[in-house]
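# Summary of structural features
Residues per chain are reported as follows:
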Amino acid sequence: MSVEEKTKELSVYESMAARYDVAARKLGLDEGLSNYLRTPNREIIVHIPVSMDDGTLRVFDGYRVQHSIARGPCKGGVRYSPDVTLDEIRGLAAEMTWKCAVVNIPFGGAKGGVICDPFKLSTGELERITRRYTAEIFDYIGPERDVPAPDMNTNEQTMAWIMDTYSMHMRHTVTASATGKPYSLGGSLGRREATGRGCMMTADEALKRFRWHRESTRVIVQGFGNVGSQAARLMHEAGYKIIGVADISGGVMNTNGIDIPGLWKYKEANKTIKGFPNTEPIGAQEILEQDCDLLLPAATESVITSKNAHKVKAKLLVEGANSPTTPPADDILFDRGVFVIPDILANAGGVTVSYFEWVQDRQGYFWTEAMVNERLKHIMVTSFNAVVNFGDKHKVNNRIAAYMLAIDRVAFCINLRGIYA
Ligand code: NAD
């Protein structure tokens, strides 16, 4: 199913707000504070003129939404896609606030996006879009204000351009102005793998809970980009049995296990996973309904809805993507006993190592990969247990538990600071 065909039962912001409202009510949050916390601090809309390679001038629309600075500077990715909307960026910015609070790192939440199709743009055009977007939001970003990171269709190169543009305006190099940068420009070892690694670390904790073994846990991964390909590789190396993988071009299945290192090489050579030898073809959406133990959506939002949630066969859902499940689907999965590791916990490894990168840049002292991974594990395991124990104690599902824990932490800081109203 294409992005356009996807059933959007609720918009990304509506989904966030629906979950937020349940959690805030259960916490007994004051109504005024609750309204304040649901609303972003600031929404920036920019219109970016860009010289195209053919000599024409085009104008692209971009957004940066800063949801909260209650616990520290804003933090959040920038995505490039023709489907970007302000509503989506607003919802994802709020989710960043909750994500940073779940893993207890000192950031608020933000998100950015530019409406463009990066697959139809040259490298030069992408660089000019990125630099002008950065220049337009320059007054509102920076190491103490708001720190961008990669997201869908942006990468280390995009972050290098953002860091350089910010630095040119500041007249000195400010490596902590963006994270997810190349290592030689102040990036962190382990950042590239961090989101996928964090997904595996939370999955490992769930396995302990169920007394499952990696070797007999059959995994399907939707999305083979930064998150999905790293999660699949690390889980394969750790002994999990990856039986299905999909990207936007379609999926591949082999119930005996897929050769993931081979798939990486195939993707590099062919730019697609379609047609990988020793696998059966399957649709990118249909793959979510195949028999497996662990499903890891790592592509895009709203892929599990009320239309297909009852067909999901996995008993464990690890949300690598942001907002892959709609609230109506949440209820169906919960009723069917599916153990969900929600996005704001499962994929928080990325922002956690982004935090490590920001710390290293500010200190000018860089850690070994082993230090990064060990500290990441400590945070992911602690956060997993905090969420699951909170859910057990308050008799709510993991998603609402994660929201409650996060909202409580943010509200606590706001109450300590007081509201400048
Ligand atoms: P990416 O652009 O690197 O990869 C996206 C992958 O999903 C690609 O393989 C693409 O072909 C596939 N895809 C896109 N639409 C699809 C569809 N409809 N069906 C099947 N496959 C589809 O992006 P990414 O950085 O890996 O991000 C993926 C998701 O994870 C997003 O929701 C993003 O917000 C979230 N996320 C990313 C990070 C990070 O560190 N990159 C951190 C946290 C959350």
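## Notes on the nonpolar core
Core analysis: the biggest nonpolar cluster contains 64 residues, and Leu37, Trp98 and Tyr240 have the highest contact counts within it. Among the elements that make up this core, the one with the highest residue count is helix H13 (residues 398-417) (11 residues). Composition of this core by domain shows at least three residues from each of domain 1 (42-174) and domain 2 (194-337). Setting aside its immediate chain neighbours within four residues, Leu37 contacts Tyr20, Leu29, His67, Trp98, Ile407, Val410, Ala411 and Ile414.

## Quick look at the site of the ligand
Taken together, the neighbourhood of the ligand is formed by 22 residues, with Asp151, Thr195, Phe224, Val227 and Asn322 sitting nearest. A distance of 2.9 Å separates an oxygen atom of the ligand from a polar atom in the backbone of Asn226. At a separation of 2.9 Å, an oxygen atom of the ligand approaches a polar backbone atom of Val227. Across the complex, the protein chains shield 90% of the 830 Å² of accessible surface that the ligand would expose by itself. Among the secondary structure elements, those contributing two or more residues to the shell around the ligand are helix H6 (191-210) and helix H7 (226-238). The residue makeup of the shell around the ligand, split by class, is eight nonpolar, 10 polar and four charged. A domain split of the shell around the ligand shows at least three residues from each of domain 1 (42-174) and domain 2 (194-337).

## A closer look at the side chain of Arg191
With respect to the element layout, Arg191 can be found in helix H6. There is no salt bridge for the buried Arg191, and the closest opposite charge comes from Glu357, which lies 4.8 Å off by N-O distance. Ignoring any residue separated from it by four or fewer positions in sequence, one finds Arg191 in contact with Pro150, Gly180, Gly350, Val353, Ser354 and Glu357.

## Regarding the domain arrangement of the protein
Split into domains, the protein comes out as domain 1 (42-174) and domain 2 (194-337). A straight line from the C-alpha centre of domain 1 to that of domain 2 covers 28 Å. Facing the eight residues of domain 1 at the interface are five residues of domain 2. Across the domain 1 to domain 2 interface the summed buried area is about 410 Å²; carbon plus sulfur atoms make up 29%. Looking at the side of domain 1 facing domain 2, the largest losses of area belong to Glu95, Lys99 and Met152, adding up to 55% of the total buried there. On inspection of domain 1 and its partner domain 2, the count reaches one salt bridge. Taken together, the links from domain 1 to domain 2 amount to three residue pairs in polar contact (both at pLDDT 80 or more). Looking at the side of domain 1 that touches domain 2, the element that brings in the most residues is helix H3 (residues 86-102), giving four residues.

## Things to note about helix H11 (residues 349-363)
Between its terminal C-alpha atoms H11 stretches 21 Å, which fits the 21 Å expected from 15 residues at 1.5 Å a residue. Of all 15 residues making up H11, 12 are buried, and the element is well covered by its neighbours. For H11, the secondary structure elements touched by its buried residues are strand E3 (74-81), H3, strand E5 (146-150), H6 and helix H12 (369-394). At the C-terminal side of H11, Gly364 shows a positive phi close to 65 degrees.

## What to know about the packing of H6 against H12
Across the interface, H6 lies against H12 with an axial gap of 9 Å and an inter-helix angle of 45 degrees. Comparing the axis directions of H6 and H12 gives the class oblique. Here H6 runs over H12; the crossing is right-handed. Contact residues: Glu193, Ala194, Arg197, Gly198, Met201, Thr202, Glu205, Ala206 and Arg209 in H6; Glu369, Asn373, Leu376, Lys377, Met380, Val381, Phe384, Asn385, Val388 and Asp392 in H12. Of the residues assigned to the contact of H6 with H12, the class counts are eight nonpolar, four polar and seven charged.

Thresholds applied
Residues numbered from 1 in each chain as written. Predicted model: local features only at pLDDT ≥ 70, side-chain atom pairs only at ≥ 80, totals over all residues. Heavy atoms only, no water. Core = buried A, V, L, I, M, F, W, Y, C linked by side-chain atoms within 4.5 Å. Buried < 20%, exposed > 50% of the residue type's maximum accessible area, 1.4 Å probe, protein only. Helix = DSSP H or I, 4+ residues; strand = E, 2+ residues; numbered from the N terminus. Domains from an automatic or database assignment. Contact = heavy atoms within 4.5 Å. Near = heavy atom within 4 Å. Polar contact = N/O pair within 3.5 Å; in protein donor to acceptor, adjacent residues only side chain to side chain. Areas by Shrake-Rupley, 256 points an atom, 1.4 Å probe, with all protein chains shown as cover. Nonpolar A, V, L, I, M, F, W, Y, C, P; charged D, E, K, R; others polar. Lys, Arg positive; Asp, Glu negative; His and termini not counted. Salt bridge = Lys/Arg side-chain N within 4 Å of Asp/Glu carboxyl O. Buried area = accessible area lost by both parts, 1.4 Å probe. Expected span 1.5 Å × (residues − 1). Axes fitted to C-alpha atoms, helices over the stretch in contact; angles between N-to-C directions. Parallel < 35°, antiparallel > 145°, perpendicular 65-115°, else oblique. Left-handed = near helix turned anticlockwise from the far one by under 90°.

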